[in-house]
Amino acid sequence: MAQSIEPNIAQLGNSWLTQYHLPLRLEQESVNTEIDKALAEYYSKNGGVGGNRVDAKLLLQDKNQDWYPILIEYKGYKDKLIKLDASGQVENKTAKNDPNFKNINGFAVNGAVHYANALLHHTSYTDIIAIGMTGHKDETGNIHHQIGVYFVSKSNLGAGQKVGDFTDFSFLAPNNFDAFIEKVKTLALTQEELDRLKEQKEREIDQSLVKLNNDIYQNEKGLGENDRVYLVAASIIATLGIPNKVPVLDKNELKSQAFVGGRDGDILISRITAFLNEKKLPQDKKDLIIRTLSNTLLTENINKVENGESQLKRVFGKIVDDLGIYYKIGLTTDFTGKLFNEMYGWLGFSQDKLNDVVLTPSYVANLLVKLARVNKDSYVWDFATGSAGLLVAAMNEMLNDAKNSITSPQELAQKEISIKAEQLLGLELLSSVYMLAILNMILMGDGSSNILNKDSIKDFDGKYGFGKTDQKFPADAFILNPPYSALGNGMNFVEKALNMMNKGYAAIIIQNSAGSGKAKEYCKSILEKHTLIASIKMPVDIFIGKASVQTNIYVFKVNEKHHPDDVVKFIDFSNDGYTRTNRKKATNNLKDTNQAKERYEEVINLVRFGKSKLNIFTEKEYYEGHIDPKNGADWNQTAPIDTKPTITDFKKTVSDYLAWEISTLLKQNTPEDELGKP
């Protein structure tokens, strides 16, 4: 193999930076404490902890006074600029979603992107420029160099995007840098690229959560299921921070001291309290959160100092190191769904309660939201909110609709505040699950104001829980995945919610026996005031690994009595295009194997517009029929099978018979030796 010319490449690159009078910092030099610390704490290119030494570093400011860290990695071989995966992304992960240290260590851009992710994980910087440069000498001794420039950001989930093609570093020069940053700001991932990255991050967070859970279970004695959940919630809230108001809690701030007020638990509670105060949550909600978390964080055992470290500090460090990158780059519904699905598994529910704590998969949550016709002006509630996954899906739909339809930045900002603070309401009875819902909405930008720890059936009067507490919540969209052990499989929640609404639509996913007799009285009562629009039979394995129940989605129009002549759209969605497995070591247990996204879109259109939208589905799977409002057990119909024979059937039967008759005659009249038999 040819000898590396990395020193020559480094000399060339650094000479440019010096020529432009830029504040260059070499491998051993410091940029600032925050960046130095991040590089020291992040796992190294070889898989160890720390020891990340970037070949060249800069911190540059644009015309808007925004700071951009510039990280440069040099190599000295012809083919060592960058290693991409099959989809064109920087390949810093293996097929098993482990760090690909061979690529990170071997390729210039891959190493620079690795360093950039260290800053995303452990600093306040969200936009970083990662530069790789390599080269070789030809037979005459002339140097030929290559440069790769990537933008690594919260907006591209840390994956990195190519900025352009460059032959030197003059784009960093003071007179060119603003134009370069303007170009960077125009970069955007396509929806397909973003979806692919989200799927990858989902697999990564799954792996991180399993690792974290196993680590705490095996190595941290005395922590129950609820303790683990509360520790994750507390650690994440304490490390979110609020710019210029509440600093992110660094693990080095936990001093493992023994006196009351200075214990690690006291420090954590103090930072969480400051965060919640700045979020301006209602006092009773803040008190409940602090009281609940204190029951774990302030116990003697978890704060006990052994070998100079408390158990709380040790576990806090594990949580931040394993999960920090995912909420620093901006969690989406998909990420939080993964987070809370795993944490539900920590809560140790008894077997007979498993069906009551099953979270709705994110793609089903999005389906319910669209079936309930949620938009920017909707007021959405959920009477069994769980981790608030359905409300998060609704909030995302509302925010997206607002961004697409409001052109005034000031008006849009006000609308976003209104959506989060006034247009979402959820109720959850279980306190441990309620804490997950609060954390979920805080992570998503804080729509947690009206997440209430109440019994939907017994204690809820339909009013806001915060802010306009004397006013009724004007719900016009209802989404629900109820506890199936409740009365009528959960239809009692449906009846109460719909009867408290004046208009709008509802979409619920529920055990299908509710519509075939088990909730007969509730169904009849509901139809006295509301219309059943559609009944959708879902795949039986939709909750694979969590529960085994056949479910249907029922869609209602609110406050309009069901008439016997109303058309109900019955859809057999057993084949939704996804293949699911439940293999613990699989890298992906959900695969789109048959136009899944297109099928979900078609179901939404069929419910809204009817038969004219049939494309992938056939009339065997889509049927427009009627129900008897006084029956209550006929909600799960399928397309009728026509048993009347056609002329084609008759011709085929006669043809088959004649063929059989001729074959029999030939065998009877032909000598055996002519048939080739001995």
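Definitions and limits used
Residues numbered from 1 in each chain as written. Predicted model: local features only at pLDDT ≥ 70, side-chain atom pairs only at ≥ 80, totals over all residues. Heavy atoms only, no water. Helix = DSSP H or I, 4+ residues; strand = E, 2+ residues; numbered from the N terminus. Buried < 20%, exposed > 50% of the residue type's maximum accessible area, 1.4 Å probe, protein only. Contact = heavy atoms within 4.5 Å. Areas by Shrake-Rupley, 256 points an atom, 1.4 Å probe, with all protein chains shown as cover. Lys, Arg positive; Asp, Glu negative; His and termini not counted. Charge placed at Lys NZ, Arg CZ, Asp CG, Glu CD. Pairing = 2+ DSSP bridges. Right-handed = clockwise from strand over helix to strand, strands pointing away. Axes fitted to C-alpha atoms, helices over the stretch in contact; angles between N-to-C directions. Core = buried A, V, L, I, M, F, W, Y, C linked by side-chain atoms within 4.5 Å. Salt bridge = Lys/Arg side-chain N within 4 Å of Asp/Glu carboxyl O. Parallel < 35°, antiparallel > 145°, perpendicular 65-115°, else oblique. Nonpolar A, V, L, I, M, F, W, Y, C, P; charged D, E, K, R; others polar. Expected span 1.5 Å × (residues − 1). Arc of directions from axis to C-beta. Phe/Tyr/Trp six-rings, centres within 6.5 Å; stacked < 30°, edge-to-face > 60°. Left-handed = near helix turned anticlockwise from the far one by under 90°. Patch = residues over 30% accessible without salt bridge, like charges linked within 9 Å, V, L, I, M, F, W, Y side chains within 5 Å.

When helices and strands are counted, the protein shows 20 helices and 19 strands. For the protein, with 678 residues in total, the buried portion stands at 51%. A sequence separation of at least 24 residues applies to 71% of the contacts in the protein between residues at least 6 apart. Summed over its atoms, the accessible surface of the protein is roughly 31,800 Å², and 48% of this surface lies on carbon and sulfur atoms. Distance between charge centres in the protein, computed from 81 positive and 87 negative side chains, equals 2 Å.

What follows covers the pairing of strand E10 (residues 424-427). Side chains of E10 alternate between two faces, with Leu424 and Gly426 and Leu425 and Leu427 buried alike. Relative to E10, strand E9 (residues 380-382) runs parallel, the two sharing three bridges. For Asp382, the partnering residue across the bridge sits in E10 and is Gly426. Bridge count between E10 and strand E11 (residues 451-452): two bridges; the pairing is parallel. What sits directly across from Gly426, in E11, is Ile451. Viewed along the sheet, the connection from E10 through helix H16 (residues 431-443) into E11 turns out right-handed.

Our focus in this paragraph is the sheet that holds strand E1 (residues 25-26). Within the open sheet, the six strands sit side by side as E1-E2-E3-E4-E5-E6. Their pairing is mixed. Looking at the sheet topology across the chains shown, the edges are occupied by E1 and strand E6 (161-164). Judged from the three bridges that link them, strand E5 (residues 143-153) and E6 form a sheet pairing that is antiparallel. By the bridge assignment for E6, Tyr150 is matched with Lys162. Lying on the sheet, helix H4 (residues 108-122) is in contact with strand E3 (67-74), strand E4 (127-137) and E5; it crosses E4 at an angle near 160°.

This part is about the nonpolar core. Counting residues in hydrophobic clusters, the biggest one holds 163 residues, and the most contacted among them are Ile272, Trp381, Phe478, Met491, Met538 and Phe556. Those residues within four positions of Ile272 in sequence are excluded, and the remaining contacts are Ala234, Ile237, Ala238, Ile290, Leu293 and Leu297. One finds Ile9, Tyr20, Ile70 and Tyr74 within the second-largest nonpolar core, a separate group that totals 31 residues.

With respect to the helices, strands and loops of the structure, Val433 is situated in helix H16. Residue classification places Val433 among the buried residues on the basis of a relative accessible area of 1%. Separated by 355 residues in sequence, Val433 and Lys78 place their C-alpha atoms 55 Å apart.

Applying the stated rule across the entire model yields 23 salt bridges. Put simply, Asp250 and Lys37 hold a salt bridge, and the shortest N to O gap is 2.7 Å. Within this pair, whereas Asp250 is found in the loop between helix H7 (225-238) and helix H8 (264-278), its partner Lys37 is found in helix H2 (residues 33-41), the two being separated by 213 residues in sequence. Asp250 sits in the partly exposed class, given a relative accessible area of 22%. Note that Asp165 is salt-bridged to Lys162, the shortest N-O span being 2.8 Å. Salt bridges sharing common partners tie together Asp215, Glu220, Glu309, Arg314 and Lys318.

Axis separation between H2 and H4 bottoms out at 9 Å; the angle between their running directions is 110°. Here H4 runs roughly perpendicular to H2, going by the angle between their axes. Between H2 and H4, the contacting residues are Ile35, Ala38, Leu39 and Glu41 on the first element and Tyr115, Ala118, Leu119 and His122 on the second. Grouping the constituent residues of the contact of H2 with H4 by class yields six nonpolar, one polar and one charged.

Looking now at helix H5 (residues 174-185). Along its 12 residues, H5 runs 18 Å from first to last C-alpha, staying within 8% of the 16 Å computed at 1.5 Å per residue. Residues of H5 that are buried: Phe177, Phe180, Ile181 and Val184. Burial along H5 is one-sided: seen end-on, the buried residues are contained in an arc of 100°. Exposed side of H5, more than 90 degrees from the buried face: Asn175 and Ala179 are the residues found there. Of the surrounding secondary structure, the elements contacted by the buried residues of H5 are strand E2 (56-61), E3, E4, E5 and E6.

This brings us to helix H1 (residues 6-19). Spanning 14 residues, H1 covers 20 Å between terminal C-alpha atoms, matching the ideal 20 Å at 1.5 Å per step. The set of residues buried in H1 consists of Ile9, Ala10, Gly13, Asn14, Trp16 and Leu17. Projection of H1 onto a plane perpendicular to its axis shows the buried side chains occupying an angular sector of 150°, all on one side. Opposite the packed face of H1, turned more than 90 degrees from it, sit the exposed residues Pro7, Gln11, Thr18 and Gln19. At its buried positions, H1 is contacted by E1, E2, E3, E4 and E5.

The next thing to look at is the packing of aromatic side chains. Inspection of the entire model under this criterion finds 22 aromatic pairs. With a centroid separation of 4.8 Å and an interplanar angle of 35°, the aromatic rings of Phe171 and Phe180 are classed as tilted. Assessed through its relative accessible area of 4%, Phe180 is described here as buried. Ring geometry for Tyr578 and Tyr600: centres 5.9 Å apart, planes at 55°, overall tilted. Residue Tyr578 is located in strand E17 (residues 578-580), and its partner Tyr600 is located in helix H19 (residues 596-609); the two are separated by 22 residues in the primary sequence. Overall, Tyr578 belongs to the buried group, its relative accessible area being 17%. An aromatic cluster is built from Trp16, Tyr68, Phe166, Phe169, Phe171, Phe177 and Phe180, whose rings are joined through pairwise contacts.

As a packed pair, helix H9 (residues 283-297) and H16 sit with axes 11 Å apart at the nearest point and diverge in direction by 120°. On the basis of the axis angle, H9 is oblique to H16. Between H9 and H16 lies a crossing whose hand is left-handed. Of the residues in H16, those in contact with Lys285, Leu288, Ile289, Thr292 and Leu293 of H9 are Tyr434, Met435 and Ile438. Each residue belonging to the contact of H9 with H16 can be placed in one class, and the counts come to six nonpolar, one polar and one charged.

In this section: the sheet that holds E10. Spatial strand order, E11-E10-E9-E12-E13-E15-E14-E16-E19: nine strands in an open sheet with mixed pairing. Strands at the two margins of the open sheet, each flanked by one partner only, are E11 and strand E19 (622-625). As defined by bridge partners, strand E14 (residues 531-537) adjoins strand E15 (residues 551-557) across six bridges and the pair is classed as antiparallel. The residue bridging Thr531 from the neighbouring strand is Lys557, located in E15.

A cluster of nonpolar residues, Ile647, Phe650, Val654, Tyr657, Leu658 and Trp660, forms a patch on the protein surface that exposes about 660 Å² of accessible area. For Phe650, a relative accessible area of 53% corresponds to the exposed category.

In terms of strand pairing, E4 meets E5 through 11 bridges, oriented antiparallel. When the bridges of E5 are listed, Ile129 appears paired with Phe151. In sequence, E4 turns back onto E5 through a hairpin of five residues, with Gly141 there showing a positive phi of about 90°.

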